[in-house]
Amino acid sequence: MYGAYRNAIVVGGSYVGCGVAQKLAAVLPATHRVLLIEPHSHFHHLFAFPRFAVVPKHEHKAFIPYSGLFAKVPAPHPNAVVRAKVLDVQPSYVKLDRSWEGMTELPFEYLILATGTKLPSPGTMTSDEKVDGVAYFKTYQEGVKKVQSICVVGGGAVGVQMATDIKEYFPDKDVTLIHSRAHTMPKFDPRFHDIIKARCDELGIKMMLNNRVVGIPPNGFPNDGSEFTISLSDGSSITTQLAILATGQIPNNQMLTSLNTSDSIINGDNGFIRVRPTLQFVPEQYSKLFALGDIADSGMPKAARPGAAQADVVVQNVLDLIGGREPSGKIQVGPAGIHLTLGIKKNVVFRDPETPGGAVTIIHREE
């Protein structure tokens, strides 16, 4: 059924998916191969998207070829990047939206889902093609440049980065950051908000906290530079020329719809995949199916560094299963941390305390 090789399929070619694919390819026995399935033409450097939506002449750097993914694996090797979208996951195969080597159904022995989440543009792209992404950024940059007033909606990482980048790059523009909670970056210790607020005050960014935007049009707000009004949950409103939505991560779980017959796989409260500490799917019958990174309901912070640690766990457990052993790798949930830009020149490394109320790690940097 598998041809010459047994497939370990990784779905999702972002940071965590590429990381686990590379680590697996380096250690799998000769009987197995890694297939990374990803519809994008190029790797999307998502961490840089907020910056490239504002600052011109760098947008091409956001898209990196997948051709070097397995460059460190001794050649010849059977591993491959499959450019396709997974439409459906079954217990022993995945269904693709296009043919690859004459097949639209790829069998697997092990399946690793690293599909992540989706954000509103420019946090993620709507097109899979690099040429479209580059064109989108250029158009977006012009839209930012031509307006005077900008509202950034959402006080998470993308919202904070975009607001501070815009205000530092265009200091004469009126920039407002609207957030529904009392603190920006609400999943972190409140002391992180104090750092962000101080930077926003320094740059001259107006912050509207504990306020939610209401009545967002189905197709979004106007982006032609004309003035329009945004209504807020406290009954007030604000007039602006550009609204940047940086809210709401949507889990990319749609390929599991037919498998998730009784909500045993997907957590109905948040849309993430239920996993054991070994990162295997919770249902026992799916012990060769794994999830990691942002899509996994693991309890770990949703960031690249914890994702890299999860990749090590998955690799160990796949090797254990191949060797006929019980999976021995288990995740260790630690405090959340992040490296966040606060404008063009300044950035900060922040790490939550080991215990509530304990010391936080703060490293200020300037470039």
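Described below are features of the structure shown in this document. Residue positions within a chain follow its written sequence, with the count starting from 1. Predicted model: local features are reported for residues with pLDDT of at least 70 only, side-chain atom pairs are reported and counted for 80 or more only, and whole-chain, interface and lining totals are derived from all residues. Just so you know, side-chain values use all the structure's heavy atoms and leave hydrogens and water out.

**Digging into the state of the cysteines**
Inference 1: Two cysteine sulfur atoms make up a disulfide if the distance between them is within 2.5 Å. For the structure shown, the criterion picks out zero disulfides.
Inference 2: Free of any disulfide, Cys 151 has its nearest cysteine sulfur in Cys 200, 13 Å distant.
Inference 3: Three labels apply to residues, based on accessible area from a 1.4 Å probe with only protein chains included: buried if under 20% of the type maximum, exposed if over 50%, partly exposed otherwise in between. Take Cys 151: its relative accessible area is 1%, and that puts it in the buried class.

**Re empty space enclosed by the protein**
Inference 1: Put plainly, a pocket is an open set of points on a 1 Å grid over the protein atoms alone with protein on both sides within 12 Å along at least five of seven lines, a cavity is a set where a 1.4 Å probe fits but cannot get out, and a lining residue has an atom within 4 Å of a point. Grid points are joined across faces, edges and corners, and a volume is the space filled by probe spheres set on the points. The final tally for this structure, using the stated rule, is one cavity of 30 Å³ or more.
Inference 2: Put simply, the largest cavity is a space of about 30 Å³.
Inference 3: In terms of lining residues, the largest cavity is bounded by Leu 119, Pro 120, Pro 122, Gly 123, Val 158, Met 162, Leu 245 and Ala 246.
Inference 4: Each residue is assigned to one of three groups, with Ala, Val, Leu, Ile, Met, Phe, Trp, Tyr, Cys and Pro labelled nonpolar, Asp, Glu, Lys and Arg labelled charged, and all others, Gly among them, labelled polar. The residue inventory of the lining of the largest cavity, partitioned by class, reads seven nonpolar, one polar and no charged.

**Regarding the pattern of salt bridges**
It is possible for side chains of opposite charge to pair when their charged atoms get near one another.
Inference 1: When a carboxyl oxygen of Asp or Glu lies within 4 Å of a side-chain nitrogen of Lys or Arg, that pair is called a salt bridge. Enumeration according to the criterion identifies 12 salt bridges in this entry.
Inference 2: For Glu 129, the salt bridge identified is with Arg 83, shortest N-O distance 2.6 Å. Note that Glu 129 is positioned in the loop between strand 10 (117-118) and helix 3 (130-146) and Arg 83 in the loop between strand 5 (80-82) and strand 6 (86-89), a separation of 46 residues in sequence.
Inference 3: Glu 129 sits in the partly exposed class, given a relative accessible area of 32%.
Inference 4: Assessed through its relative accessible area of 33%, Arg 83 is described here as partly exposed. Each helix is a run of DSSP H or I of at least 4 residues and each strand a run of E of at least 2, with the numbering of both proceeding from the N terminus.

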